[in-house]
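# Observations on chain architecture
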Amino acid sequence: ESEVFSCAWNPSQDLLASGSGDSTARLWDLNEGSHTQLVLRHCIREGGQEVPSNKDVTSLDWNSEGTLLGTGSYDGYARIWSTKGELVATLGQHKGPIFALKWNRKGNYVLTAGVDKSTIIWDAGTGECKQQFSHHTAPALDVDWQSNNTFASCSTDERILVCKMGVDKPIKEFVGHRNEVNAIKWDPAGSLLASCSDDMSVKIWSIKQDQYVHSLQAHTREIYTIKWSPCGPGTENPNATLYLASASFDSTVRLWDVEQGQCVHTLTKHTEPVYSVAFSPDGKYLASGSFDKCVHIWSTQTGSLVQTYKGCGGIFEVSWNHRGDKVGASASDGTVCVMDLRK
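This one's a predicted model, so the numbers in the text were calculated from it and none came from an experiment.

Along the chain, the position of D187 falls in the loop between β19 (181-186) and β20 (192-197). In this structure, D187 is buried with no salt-bridge partner, the nearest side chain bearing the opposite charge being R105 at 9.2 Å. Of the polar contacts made by the side chain of D187, one reaches the backbone nitrogen of S191; its length is 2.9 Å. Aside from chain neighbours lying at most four places away, what touches D187 is L192, W228 and L242.

Here is the structure:
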């Protein structure tokens, strides 16, 4: 079976999207009384025919309303699909694999990052390329919107760039990592940017200064990804503490209080690299997925282990549904599993 690299719940219903090495994405309908699966085949035109691309589907993102799914593939195309599985648009301009894809909050633009060192803003309505940014000197690995027209990108070139639509040059450049920067995420307020790297550090940046605000160093191997808790001003949990979670190949997850610049919990039950972390919508729980085949659910308050699921393959990604009662996980053995936390 092909590996399932990614999974993402629809923001308004129990529809789980997954992306796999078999050149498909799938939509799993887990709404009450329904258990159907739609297969979204990623095809390319060859000799006047539609043939499977045979390339991995690696990135998935729903628009904020949950009406459209964006997928990014190693075939160099981004695609937009309806919840019924219809192909709405094909976005082609990248030369080579796409590593990341994100909708802006408004839902009028899709942003992609590729091995071709560029990032592209697409018009979601017309499928046209609005602007291509080619400022990185090596593959662009991740992107994240700060606002509806401003975003950050990171790269194997060890740099982080902040770019704005309509502006040719980056409006900010963050330099400080000493190895490739794997992932970047703006905090819910859009004021702080977190980044993680193969240099084993997490760094926190502010648009107001050139030097990082914090360099959080405690992991002993590469850090694959980071997530902010959905907490603080402007979120659904305005009075809850804002945490940052980091997942590392040292098999630990760390929870950071960013204001203090301190690690508050080290979560040590995994025995292999941790590829994914995700906070519950209320910020009270953190799910983590590792190549030890386990999904762990932790209390963010106490750092204690609340629940464990052991699957059949290494876990690439974990994702919470919008109600916070199900966790989806995609795995290296071709399976997608769902933990129902009400049971």
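Before going further, it helps to spend a moment on the sheet that holds strand β2 (residues 15-20). Strand order in the open sheet formed by 4 strands is β1-β2-β3-β4, with antiparallel pairing between adjacent strands. A strand with exactly one partner marks an edge of an open sheet, and here the two such strands are β1 (4-9) and β4 (36-41). Neighbour-to-neighbour, the strand axes of this sheet turn through a mean angle of 20°, independent of strand direction. Pairing geometry for β1 and β2, over 5 bridges, is antiparallel. From the neighbouring strand, W9 faces β2, where its bridge partner is L16.

Ordered by their spatial adjacency, 4 strands build an open sheet running β7-β8-β9-β10, and the pairing between neighbours is antiparallel. Because the sheet does not close on itself, it has two edges, and the strands there are β7 (57-62) and β10 (87-92). On average, each strand axis in the sheet is inclined to that of its neighbour by 20°, with strand direction left out of account. As defined by bridge partners, strand β8 (residues 68-73) adjoins strand β9 (residues 77-82) across 5 bridges and the pair is classed as antiparallel. What sits directly across from T71, in β9, is R79.

So, about the environment of S147. Inspection of the secondary structure puts S147 in the loop between β15 (140-145) and β16 (150-155). It is 7.3 Å that separates the C-alpha atoms of S147 and N104, two residues lying 43 residues apart in sequence. For S147, the side chain forms a polar contact with the side chain of N149, separated by 3.1 Å.

Tracing the backbone shows W320 in strand β31 (residues 315-320). Take W320: its relative accessible area is 9%, and that puts it in the buried class. Put simply, W320 and F279 are 41 residues apart on the chain and 7.3 Å apart in space, counted from C-alpha to C-alpha. There is a polar contact of 2.9 Å between the side chain of W320 and the backbone oxygen of A278.

Our next topic: the packing of aromatic side chains. Throughout the structure, instances matching the rule amount to 12 aromatic pairs. When the centroid spacing of 5.2 Å and the interplanar angle of 50° are considered together, the rings of F249 and Y275 count as tilted. Here the residue F249 occupies a position in the loop between β24 (243-248) and β25 (253-257), and Y275 occupies one in strand β27 (residues 274-279), the gap between them amounting to 26 residues. With relative accessibility at 18%, the residue Y275 sits in the buried group. Aromatic pair Y275 and F316: ring centres 5.6 Å apart, planes at 70°, arrangement edge-to-face. Of this pair, Y275 sits in strand β27 while F316 sits in strand β31; the two residues are 41 residues apart in sequence, bridging distant segments of the chain. We classify F316 as buried; its relative accessible area is 13%. The structure contains a cluster of three or more aromatic residues connected by ring pairs, namely F5, Y224, F249, Y275, F291 and F316.

Scoring rules and cut-offs
- Residues numbered from 1 in each chain as written.
- Predicted model: local features only at pLDDT ≥ 70, side-chain atom pairs only at ≥ 80, totals over all residues.
- Heavy atoms only, no water.
- Helix = DSSP H or I, 4+ residues; strand = E, 2+ residues; numbered from the N terminus.
- Buried < 20%, exposed > 50% of the residue type's maximum accessible area, 1.4 Å probe, protein only.
- Lys, Arg positive; Asp, Glu negative; His and termini not counted.
- Salt bridge = Lys/Arg side-chain N within 4 Å of Asp/Glu carboxyl O.
- Polar contact = N/O pair within 3.5 Å; in protein donor to acceptor, adjacent residues only side chain to side chain.
- Contact = heavy atoms within 4.5 Å.
- Pairing = 2+ DSSP bridges.
- Axes fitted to C-alpha atoms, helices over the stretch in contact; angles between N-to-C directions.
- Phe/Tyr/Trp six-rings, centres within 6.5 Å; stacked < 30°, edge-to-face > 60°.

So, to be careful, I would describe these as geometric facts and stop short of saying anything about function.
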